[in-house]
Amino acid sequence: MRTDLFIGNEWRKAQSGSTIPVVNPATEETLCTVEAAGPADVDAAVQSARDCFDGVAWQELPSRTRGEMLYRAGTLLASRLNEMADLETRQNGKPLFESKIDVSMTVDTLKYYGGWADKMGGNILPVAGDFVFTDRVPMGVVGAIVPWNFPLNLASWKFAPALAAGCTVVLKPASETPLTALLMAEIMQEAGFPAGAFNVIPGGGSTAGAALVKHPGVDKISFTGSTAVGKQLMRDAADTAKRVTLELGGKSPNIIFADADLKAAIRGAQNGIFYGKGEVCAAGSRLLVQRSVHDQVVEELAARARKLTPGDPFDKNTRLGAVVSKQQQDTVLSYIETGKKEGAQLVAGGNAAKVNGKGYYVEATVFDQAKPGMRIVDEEIFGPVLAVVTFEDVDEGIHLANQTIYGLAAGIWTSDIKKAFRVARAVRAGTIWVNTYNLYDPSAPFGGFKQSGFGRDLGREALDGYTESKTIWVGLR
């Protein structure tokens, strides 16, 4: 298990001597202590990335070779899938079957962007009399800051397109979940990436994260996390006019119309909020149900939630693991108490739980009779808590869906394709799922509207976030 900083293809101790404990949230046991980067370590990592980026070897490295390295990293990760998934579950608390899905998608992401590395370019422009064309060039050094809910997978959404585009990367994983990023560093080195191309510096957000954002040697910050932190990051990045991509919070509406396949919709609603323990930025945490089917949906969904008992993440039957930390458990439980006080009706769950007497678990929780203005409806909880809101017709459903500061994702359940397209066009969110929920693919761009951020991860669109357009004008007159 790697616990040191990874800078310039070397494993190093933090210069300050600081460390971070990594706790298994399912057992409350400390897995290890990891070196905690401070400003001096951030500076060393950025300098390493800058030296690599500016170096002749990286600048002259064929783009196809970069792509081959990324593809090789994907193959190497696939060969260690079980090891990586085991580590992800131990540090995050999610069921092992979910961790295997996460790692598998990371493999796909690396291979997908490996294929893009030699396919980016510009355009010839029809300017009379001269030869004018554009080129796409890498931005430079990228600081990637990722959260603890999908530690490795979300990291790959940043570093894979950045490397494919020709940038170099300094990755700061969340302090709660740094272990898979450090193991990934080992794999990237084995895949052939030169010193400085890929660096990993665990550390606190207010120390390592802030230093990375403010560092004048960083050209681009790609961040996934809370909206509040994202806003502060923008302020800090402004002094050096850094390019910034933000994938922030969500309070996504999952809309069930009366003409939906209710069995599928209820199953989709369960998956939309309880997969990943609700620690998913795109979680369908607001369930909007048309009044004529409301009672049936709530009754069946509450019954499903009561059967979804927390369990050992390594048990193959477990579908609800431990939330990531005691702090997060306390946050989720405080929202549940607030929901009760605000007048929502608790119909399932609502309590902390233990497995074998330990762990930071929260029961699958469903509130009915929720209304806009309640904190459990308006604010991102980031836990297994669902708020059910009733609506009358299509127009009210659209209005309620958009009655939020967020715009990350939404779900629509209906058998009427015209209605589906109408609602999909009207709801302001970056991803719309129709008769499904929580599906992702490396080729499908992901990101938000409104205060859910800007820019896109994944897909061809992500590459634009790591390149600049350069116009080259050749005078022929």
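Structure: above.
Quick caveat, the model's predicted, so the values are computed rather than measured.

What counts and what doesn't
Residues numbered from 1 in each chain as written. Predicted model: local features only at pLDDT ≥ 70, side-chain atom pairs only at ≥ 80, totals over all residues. Heavy atoms only, no water. Buried < 20%, exposed > 50% of the residue type's maximum accessible area, 1.4 Å probe, protein only. Helix = DSSP H or I, 4+ residues; strand = E, 2+ residues; numbered from the N terminus. Pairing = 2+ DSSP bridges. Axes fitted to C-alpha atoms, helices over the stretch in contact; angles between N-to-C directions. Contact = heavy atoms within 4.5 Å. Salt bridge = Lys/Arg side-chain N within 4 Å of Asp/Glu carboxyl O.

Enquirer: Please explain the pairing of strand β16 (residues 358-362) as it appears in this structure.
Expert: Successive residues of a regular strand alternate their side chains across the two faces of the sheet. Within β16, four of the five residues are buried, which leaves it mostly tucked inside the rest of the structure. Sheet analysis places strand β15 (residues 352-355) next to β16, joined by three bridges and oriented antiparallel. Bridged to valine 355 within β16 is lysine 358.

Enquirer: Help me out: how do you make sense of the sheet that holds strand β17 (residues 365-368) in this one?
Expert: Sheets are built from strands paired through backbone hydrogen bonds, the pairs being either parallel or antiparallel. In space, the seven strands of this open sheet follow the order β14-β17-β18-β13-β12-β20-β21, with mixed pairing throughout. Two strands close off the open sheet at either side, each with one partner strand: β14 (345-348) and β21 (431-434). Direction aside, neighbouring strands of the sheet carry axes that sit 25° apart on average. Sheet topology places strand β20 (residues 409-413) next to β21; four bridges connect them, and they run parallel. Note on β21: the bridge partner recorded for alanine 409 is threonine 431. Strands in contact with helix α10 (residues 262-274) are β12 (253-256), β13 (286-290), β17, β18 (385-391) and β20; relative to β12, the strand with the most contacts, it is inclined by about 170°. With respect to the sheet, helix α15 (residues 417-426) is in contact with β12, β20 and β21, its orientation differing from that of β20 by roughly 165°.

Enquirer: Would you mind showing me how to read unusual backbone geometry here?
Expert: Most peptide bonds take the trans configuration, and most residues that are not glycine carry a negative phi. With a phi close to 50°, alanine 241 is a non-glycine residue in the positive phi region. The backbone of phenylalanine 382 shows a phi angle near 65°, a positive value even though the residue is not glycine. Mapped onto the elements, phenylalanine 382 comes out in the loop between α13 (375-378) and β18.

Enquirer: Just checking my understanding: could you explain the pattern of salt bridges for this structure?
Expert: For side chains of opposite charge, pairing can occur when their charged atoms come near one another. All chains considered together, the criterion is met by 25 salt bridges. A salt bridge links lysine 119 to aspartate 118, with the shortest nitrogen-to-oxygen separation between them at 2.9 Å. Across the pair glutamate 337 and lysine 340 runs a salt bridge whose closest N-O atoms are separated by 3.1 Å. Of this pair, glutamate 337 and lysine 340 both sit in helix α12 (residues 326-342), three residues apart, roughly one helical turn. Residue lysine 340 is classed as partly exposed on the basis of its relative accessible area of 35%. When salt bridges with common partners are traced through the structure, they connect Arg2, Arg80, Glu83 and Glu186 into a single cluster.

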